[in-house]
Amino acid sequence: MHNMKLHSTPFEMIKSGEKTIELRLFDEKRQQVKVGDKIIFTNTTTGETLNRTVVKLHRFDSFEELYKSLPLLQCGYTVNDVDSAKPSDMEQYYSVAEQKKYGVVGIELCPLE
């Protein structure tokens, strides 16, 4: 069982099944995540939690590679903002140096449980 925190918007998108891939740095914590594991997501605003099962891990050296390979509409973007999506969007969470050190991962989740 793993725990991860999310802001309200991505939390609600995972809850509804619209977002099925969570993007993270592939640091020591995420290296422990395996297919079949459960993740408890906590909404940082409300404290609400939800559980999802990991169905696939998509590993990349950078968010640039990830953005070229994965369907961004499943990664938290919407039809209104997907055209302006860019890998540097993730730099507000993870520095370029961190990305180079660890790589990145798209954690694919079972949409509804």
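Residues numbered from 1 in each chain as written. Predicted model: local features only at pLDDT ≥ 70, side-chain atom pairs only at ≥ 80, totals over all residues. Heavy atoms only, no water.

Asker: What exactly am I supposed to notice about the sheet that holds strand S3 (residues 38-43) here?
Answerer: Strands pair in a sheet through their backbones, by hydrogen bonds, and they do so in one of two ways: parallel or antiparallel. An order of S1-S3-S4-S5-S2 is seen for the 5 strands of this open sheet, with the pairing classed as mixed. Both outer strands of the open sheet, strand S1 (2-6) and strand S2 (21-25), are each paired with one neighbouring strand and no more. On average, each strand axis in the sheet is tilted by 40° relative to the strand beside it, whichever way the strands run. (Pairing = 2+ DSSP bridges. Helix = DSSP H or I, 4+ residues; strand = E, 2+ residues; numbered from the N terminus. Axes fitted to C-alpha atoms, helices over the stretch in contact; angles between N-to-C directions.)

Asker: Could you clarify how one ought to interpret the nonpolar core in this entry?
Answerer: With 16 residues, the main nonpolar core has Leu23, Phe63, Leu66 and Tyr67 as its most contacted residues. Of all elements in the fold, only S2 and helix H3 (63-69) reach the threshold of two or more residues within this core. What Phe63 contacts, discounting residues up to four positions off in sequence, is Leu23, Arg24, Leu25, Pro87, Met90, Tyr94, Gln99 and Val104. Ranked by size, the runner-up nonpolar core spans 13 residues in total, among them Leu50, Val54, Val105 and Leu109. (Core = buried A, V, L, I, M, F, W, Y, C linked by side-chain atoms within 4.5 Å. Buried < 20%, exposed > 50% of the residue type's maximum accessible area, 1.4 Å probe, protein only. Contact = heavy atoms within 4.5 Å.)

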